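Residues per chain are reported as follows:
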Amino acid sequence: MNYTRQYYFFALLLPIFFVNTGCKKDYSFEGANIITDSVILPVSPGPVVKEFPDCALCNVTNDLSTGHWNFKTGNSFLCGGVTNSGFFAGYSKTDFTLFGPSACSADTGLVLSVYLSVPLDQDRTNLTASATAFYYYDNTAPKDIFISMPDKPFSVTVQRFVYSTGIATGTFSGTVFKANGDTAFITQGNFKVIIK
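Residues numbered from 1 in each chain as written. Predicted model: local features only at pLDDT ≥ 70, side-chain atom pairs only at ≥ 80, totals over all residues. Heavy atoms only, no water.

K.L.:
Where do I start with the pattern of salt bridges in this structure?
P.N.:
Working definition: two side chains of opposite charge can pair if their charged atoms are close together. All told, the structure shown has one salt bridge when counted by the stated rule. Between R124 and D121 there is a salt bridge, and its shortest N-O distance comes to 3.0 Å. For D121, a relative accessible area of 39% corresponds to the partly exposed category. (Salt bridge = Lys/Arg side-chain N within 4 Å of Asp/Glu carboxyl O. Buried < 20%, exposed > 50% of the residue type's maximum accessible area, 1.4 Å probe, protein only.)

As C-alpha cells, then:
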C-alpha cells in the first residue's frame with residue numbers, strides 16, 4: 001500500500017513538474033561583441049546620362065553679359081540670348097517676360113514670365129516673384145521640353161534692377177515637368193536683361 005500512495009503522490013506531482021519546467025524560447029540578447037567578416041559595399045550609380053549634349057558656347061565659368069540667360073538641369077548647362085524682354089503691355093511694371101533661343105539650338109529656348117508684388121518703377125534689389133511661369137520650348141516637338149506648374153515651387157528673384165538703364169539681373173530655380181510628365185530640376189538659373 002505504501003507503493004500505491006507513492007504512486008498517486010508522484011502521479012499528482014508529474015503534471016505540475018511538466019507545466020513549470022517546459023521549454024521556453026528566449027528572445028533576449030544580452031549584448032556581446034560580435035565580429036563579422038561581411039563587408040557591405042555601396043551600390044555605385046550607373047553612368048550619368050546627359051539630357052542635353054555639351055555645347056562649347058555654354059561655359060559655366062563665363063560671366064553673364066546683358067541680354068543673356070543660363071541654367072543647369074541635372075549635369076547639363078544651357079545658355080542663350082534674349083531676343084525680347086519687357087513689361088506686359090497694358091499692365092503695371094510688376095509683370096515682365098523674357099525669351100530667347102538657346103545658344104546651341106535655334107529650335108529650343110527659354111520663356112520666363114515673372115509677376116512681382118512690387119513694381120520696377122525705381123531702383124530695386126532682392127525682389128522675389130510671387131508667381132512665375134517657366135518654359136524651355138522646342139519648336140520641332142509638340143510639347144515643351146520643360147514647363148513649370150503653379151503647384152510646384154519655382155522661384156525667380158530680381159537681385160538688382162537699375163531704373164535708369166532698365167537692366168534687371170536675377171536668378172531662378174525650381175521644379176519643372178518634362179514632356180513625358182516626369183519631374184526635373186532647374187538650378188543656378190541666371191538672367192541679365194533690359195526691361196523697358
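Still more to cover.
K.L.:
How should the nonpolar core be read in this particular structure?
P.N.:
Generally speaking, nonpolar side chains in soluble globular proteins are found buried as a group. In terms of nonpolar packing, the biggest core is built from 31 residues, with F96, L112, F134, F172 and F191 touching the most fellow members. Broken down by secondary-structure element, the contributors of at least two residues to this core are β1 (68–73), β4 (95–101), β5 (108–115), β7 (131–138), β9 (154–162), β10 (167–178) and β11 (183–194). (Core = buried A, V, L, I, M, F, W, Y, C linked by side-chain atoms within 4.5 Å. Helix = DSSP H or I, 4+ residues; strand = E, 2+ residues; numbered from the N terminus.)

K.L.:
Teacher, can you tell me more about the state of the cysteines here?
P.N.:
All told, the structure shown has two disulfides when counted by the stated rule. Disulfide partner of C55: C104, at an S-S distance of 1.3 Å. Because the torsion about its S-S bond is -60 degrees, the bridge between C55 and C104 counts as left-handed. Within this pair, whereas C55 is found in the loop between α1 (2–20) and β1, its partner C104 is found in the loop between β4 and β5, the two being separated by 49 residues in sequence. By relative accessible area, C55 is classed as buried at 17%. Residue C104 is classed as partly exposed on the basis of its relative accessible area of 36%. Residue C58 pairs covalently with C79 via a disulfide, S to S 2.0 Å. Because the torsion about its S-S bond is -90 degrees, the bridge between C58 and C79 counts as left-handed. Of the two residues, C58 is situated in the loop between α1 and β1 and C79 in strand β2 (residues 76–81); the sequence distance between them amounts to 21 residues. (Disulfide = S-S within 2.5 Å.)

K.L.:
Any chance you could explain the side chain of S148 here in plain terms?
P.N.:
Within the secondary structure, S148 is located in the loop between β8 (146–147) and β9. On the basis of relative accessible area, S148 is assigned to the buried category, the value being 9%. Side-chain polar atoms of S148 contact the backbone nitrogen of F134, separated by 2.9 Å. What S148 contacts, discounting residues up to four positions off in sequence, is T132, A133, F134, F154, T175 and V176. (Polar contact = N/O pair within 3.5 Å; in protein donor to acceptor, adjacent residues only side chain to side chain. Contact = heavy atoms within 4.5 Å.)

K.L.:
Can you help me understand the environment of F172 in this one?
P.N.:
Counting through the fold element by element, F172 comes out in strand β10. In this structure F172 comes out as buried when scored by relative accessible area, which is 2%. Along the primary structure F172 and N190 are separated by 18 residues, whereas in three dimensions their C-alpha atoms are 6.2 Å apart.

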